[in-house]
Amino acid sequence: MRAGRDARGGDEFASDGQSAPHTDTSDTTSLPDLTPAAQAVTQLLGAIGDERPGAPTPCPEYAVRELLAHIEGLSLAFRDAARKDLGPTTDTSPTASLPVLEGGWRARIPVRLDELAGAWRRPESWEGMTRAGGVDLPAAVAGRVALNELVLHGWDLARATGQEYDPGEASAAVSYESVRPTGDDSLRDGIFGPPVAVPDDVLLLGRVVGLSGRRPHWRPGD
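Residues numbered from 1 in each chain as written. Predicted model: local features only at pLDDT ≥ 70, side-chain atom pairs only at ≥ 80, totals over all residues. Heavy atoms only, no water.

**Q** Can you tell me about the overall build of the protein chain, naming the residues and giving the values?
**A** A tally of regular secondary structure across the protein chain gives seven helices and two strands. Along the protein chain, helices (α) and strands (β) appear in the sequence α-α-α-α-β-β-α-α-α when read from the amino end. Considering the protein chain as a whole, with its 222 residues, one finds that 50% of them fall into the buried category. Restricting to contacts in the protein chain with at least 6 residues of sequence separation, those with at least 24 account for 78%. (Helix = DSSP H or I, 4+ residues; strand = E, 2+ residues; numbered from the N terminus. Buried < 20%, exposed > 50% of the residue type's maximum accessible area, 1.4 Å probe, protein only. Contact = heavy atoms within 4.5 Å.)

Here it is in structure tokens:
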């Protein structure tokens with residue numbers, strides 16, 4: 001679950017003139033939909049040329065190929081977490097080793113992303129307990145963590161490959177609740193870097209990016 005760990009990326013964001021919402025993530029009467037974010041990541045894959053896999057990303061420990069492998073791995077892990085199909089995919093920490101990108105990823109990762117989104121469309125997926133990254137947690141939390149992973153790592157991939165990216169306002173709102181300071185900074189340790197200041201009037205995705213510890217205006221080569 002390395003969502004933004006020690007990453008220092010950023011973007012230029014137009015103003016929406018609104019404050020970020022304080023969504024109550026304990027409310028399961030309106031369940032998040034992972035489909036828009038999963039589709040937004042899928043749309044990035046087709047434009048990644050053969051020369052790109054070694055390019056840097058906002059995640060210092062990942063080149064594009066490792067980021068792609070991580071996205072595939074988290075898709076499998078959180079798909080199985082939704083299904084309560086606990087085993088190797090849900091028990092392995094994402095920090096255990098550097099992810100390795102296997103051949104055929106262009107065809108395979110979109111399928112994994114679609115499976116991930118589909119698994120969390122089932123209301124029962126949000127009930128009870130599950131496991132991801134070797135950590136037992138409420139399923140309602142795991143689903144939001146999965147969505148946050150898609151939003152942030154989709155942004156990382158878009159920035160690394162020079163593409164536009166929009167996971168949708170609803171996805172950004174859920175992600176915002178995952179990254180905003182809560183008064184207990186220990187909850188952020190090992191997951192996000194220190195928040196990076198961005199103007200108050202930027203779009204919600206821009207605020208999410210800054211709160212996750214990504215440096216505004218990151219470009220490959222920074």
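**Q** Account for helix 2 (residues 64–83), with residues named and values stated.
**A** The end-to-end C-alpha separation of helix 2 is 29 Å, in line with the 28 Å expected for 20 residues at 1.5 Å each. By the criterion of burial, helix 2 is predominantly enclosed, with 17 of the 20 residues buried. In the segment just after helix 2, lysine 84 is the residue with positive phi, at about 60 degrees. (Expected span 1.5 Å × (residues − 1).)

**Q** Account for the packing of helix 1 (residues 35–45) against helix 5 (residues 139–161), naming residues and giving values.
**A** Geometrically, a packed helix pair is captured by the angle between its two axes and the distance between the axes. Put simply, helix 1 and helix 5 touch, their axes get as near as 9 Å, and they point 25 degrees apart. Between helix 1 and helix 5, the interaxial angle falls into the category roughly parallel. Pair helix 1 / helix 5 crosses with left-handed handedness. Side by side, helix 1 and helix 5 meet where Ala37, Ala38, Val41, Leu44 and Leu45 of the first sit next to Leu147, Leu150, Val151, Gly154, Leu157 and Ala158 of the second. Per-class residue counts for the contact of helix 1 with helix 5 are ten nonpolar, one polar and no charged. (Axes fitted to C-alpha atoms, helices over the stretch in contact; angles between N-to-C directions. Parallel < 35°, antiparallel > 145°, perpendicular 65-115°, else oblique. Left-handed = near helix turned anticlockwise from the far one by under 90°. Nonpolar A, V, L, I, M, F, W, Y, C, P; charged D, E, K, R; others polar.)

**Q** Explain the packing of aromatic side chains to me, using residue names and the numbers behind them.
**A** Following the criterion strictly, the structure yields one aromatic pair and no others. Ring geometry for tryptophan 120 and tryptophan 126: centres 4.9 Å apart, planes at 65 degrees, overall edge-to-face. In this structure, tryptophan 120 and tryptophan 126 share a single accessibility class: buried. (Phe/Tyr/Trp six-rings, centres within 6.5 Å; stacked < 30°, edge-to-face > 60°.)

**Q** Residues and numbers for the confidence of the model for the protein chain, please.
**A** Averaged over the protein chain, the pLDDT score is 84; the fraction of residues at 70 or greater is 82%. Ranking the elements of the protein chain by mean pLDDT puts helix 7 (residues 204–211) last with 91 and helix 1 first with 98. Here residues 1–28 scores under 50 on pLDDT; set against residues more than four positions off or in separate chains, the count is 105 contacts. (pLDDT = per-residue confidence, 0-100.)

**Q** Which residues make up the nonpolar core, and what values go with them?
**A** Membership of the largest hydrophobic core comes to 42 residues, with the highest contact counts inside it found for Leu34, Leu68, Trp120, Leu150, Leu157 and Tyr165. Looking at this core, the elements that each hand over two or more residues are helix 1, helix 2, helix 4 (105–119), helix 5 and helix 7. By residue number, the principal contributor to this core is helix 5, which donates nine residues. With residues up to four places along the chain from it excluded, the contact list for tryptophan 120 reads Leu34, Phe78, Ala81, Ala82, Ser125, Trp126, Ala139, Ala142, Gly143 and Ala146. Ranked by size, the runner-up nonpolar core spans nine residues in total, among them Leu152, Ala172, Phe192 and Leu204. (Core = buried A, V, L, I, M, F, W, Y, C linked by side-chain atoms within 4.5 Å.)

**Q** Any chance you could break down the side chain of histidine 70 for me, citing the residues and the numbers?
**A** Tracing the chain through its elements places histidine 70 in helix 2. Looking at histidine 70, its side chain comes within polar contact range of the side chain of glutamate 149, at 3.4 Å. (Polar contact = N/O pair within 3.5 Å; in protein donor to acceptor, adjacent residues only side chain to side chain.)

**Q** Quick rundown of the layout of surface pockets? Include the residues and the values.
**A** Space inside the second largest pocket adds up to approximately 460 Å³. Contributing elements (two or more residues each) for the lining of the second largest pocket: helix 2 and helix 3 (88–91). The greatest single-element share of the lining of the second largest pocket, amounting to eight residues, is contributed by helix 2. (1 Å grid on protein atoms, 1.4 Å probe; cavity = no way out; pocket = protein on both sides within 12 Å on 5 of 7 lines; lining within 4 Å. Points joined across faces, edges and corners; volume = space filled by probe spheres on them.)

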